[in-house]
Amino acid sequence: MRRYEIRHRTTYDYASEAATARLAFRVTPLARASQRVLAHRVDISPTPRTLRPGVDFFGTPFLVARFEQPHRELVVEARSTVEVTRRAPDPESPAESWEAAAASALASHELGPESPAHFIYPSPLVRLVDEVADYARTSFQVGRSALSGAAELMRRIRADFEYEPEATDVTTPLAQAFAQRRGVCQDFAHVMISGLRGLGVPARYVSGYIRTVPLDDAPRLEGADASHAWVEVWCGPRAGWIGFDPTNAILAGEDQIEAALGRDFSDVSPIHGVVLGAGEQRLSVAVDVAPLKV
């Protein structure tokens with residue numbers, strides 16, 4: 001078990017005053033069997049005229065804020081205390097074959113938020129690209145478990161792709177990120193999801209945070225952490241959903257804190273909506289993940 005204090009601060013600076021805005025915030029960590037939210041608060045400046053909480057189809061909590069006063073800056077700071085008890089499984093432990101996992105998803109009549117049926121088709125940011133499916137197929141020999149195959153695919157992405165923040169942005173198509181073999185965690189997650197879905201294996205997008213461990217016992221830097229993204233793969237009815245982090249080639253465990261689930265990044269963007277104003281805007285994000293003594 002691990003416990004964390006998380007600070008996620010987002011600041012928008014507008015070139016000219018924004019007259020009004022209506023925005024949705026997804027900055028509350030998920031409450032799941034393997035993750036408890038012990039405390040949480042969100043501070044927003046300027047103060048919204050209205051603030052309405054909700055939960056989306058996939059179980060991610062959100063806030064919808066309406067601003068009616070002119071403002072040049074918007075600051076959203078979420079502070080959370082979270083306890084994580086998720087244990088990463090052995091990728092070579094016995095599990096259903098990937099063919100069986102794919103068949104069970106296709107035959108599923110369950111349409112609840114956990115159903116694998118929602119995650120086998122293309123989504124707004126994840127197209128099914130033949131080249132990506134062919135790349136994934138190398139890891140899925142006949143009869144191999146979905147768990148083992150996904151773990152190998154994750155490790156191959158980590159080895160074959162270069163982490164380069166300037167190589168892509170949120171609008172970069174998946175096929176381009178795959179072709180250039182460079183990008184960030186969002187790109188690697190989308191590539192892995194596309195490859196798996198191209199084989200019929202359900203996969204979904206997870207956004208959240210990851211604990212960072214400084215090298216050589218150096219002091220941890222405040223605000224040096226960032227939002228993170230990884231993949232959950234449906235490994236069959238017995239194994240269920242298992243998390244894989246292709247950016248770091250590790251299975252998701254107690255170092256990952258989940259904030260949102262969806263088909264791709266378009267379902268889990270921390271802030272999205274409409275701002276009425278003119279001119280450009282500048283975005284800055286600071287995330288701090290501090291381990292607590294248990």
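Scoring rules and cut-offs
- Residues numbered from 1 in each chain as written.
- Predicted model: local features only at pLDDT ≥ 70, side-chain atom pairs only at ≥ 80, totals over all residues.
- Heavy atoms only, no water.
- Helix = DSSP H or I, 4+ residues; strand = E, 2+ residues; numbered from the N terminus.
- Buried < 20%, exposed > 50% of the residue type's maximum accessible area, 1.4 Å probe, protein only.
- Polar contact = N/O pair within 3.5 Å; in protein donor to acceptor, adjacent residues only side chain to side chain.
- Contact = heavy atoms within 4.5 Å.
- Salt bridge = Lys/Arg side-chain N within 4 Å of Asp/Glu carboxyl O.
- Phe/Tyr/Trp six-rings, centres within 6.5 Å; stacked < 30°, edge-to-face > 60°.

Peer 1: Explain the side chain of arginine 144 residue by residue, including any values.
Peer 2: For arginine 144, the location among the structural elements is in the loop between helix 2 (130–137) and helix 3 (146–160). On the accessibility criterion, arginine 144 (18% relative accessible area) is buried. A distance of 2.9 Å separates polar atoms of two side chains, one belonging to arginine 144 and the other to serine 148. In this view, arginine 144 contacts Glu92, Ser97, Trp98, Glu99, Ser139, Gly149 and Glu152; residues no more than four positions away in its chain are not counted.

Peer 1: Quick rundown of the pattern of salt bridges? Include the residues and the values.
Peer 2: Applying the stated rule across the entire model yields 24 salt bridges. Salt-bridge contacts for aspartate 43 lead to arginine 41; the nearest nitrogen and oxygen are separated by 2.7 Å. In this structure, the salt-bridge partner of aspartate 134 is arginine 137, at a minimum N-O distance of 2.7 Å. Here arginine 137 and aspartate 134 lie together in helix 2, a separation of three residues that amounts to about one turn. Through salt bridges with shared partners, one network takes in Arg32, Arg86, Glu114, Arg204, Glu232 and Glu258.

Peer 1: With reference to specific residues and values, describe the packing of aromatic side chains.
Peer 2: With the rule as written, the count across this model stands at twelve aromatic pairs. Here tyrosine 135 and phenylalanine 161 contribute two aromatic rings whose centre-to-centre distance is 6.1 Å and whose plane-to-plane angle is 80°, an arrangement assigned as edge-to-face. Taken together, the positions of tyrosine 135 in helix 2 and phenylalanine 161 in the loop between helix 3 and strand 7 (162–163) put the pair 26 residues apart, joining distant regions of the chain. Both residues of the pair, tyrosine 135 and phenylalanine 161, belong to the buried class. When the centroid spacing of 6.1 Å and the interplanar angle of 45° are considered together, the rings of phenylalanine 161 and phenylalanine 178 count as tilted. A residue pair is termed long-range when its members are at least 10 positions apart, and phenylalanine 161 in the loop between helix 3 and strand 7 and phenylalanine 178 in helix 4 (residues 174–180) qualify at 17 residues.

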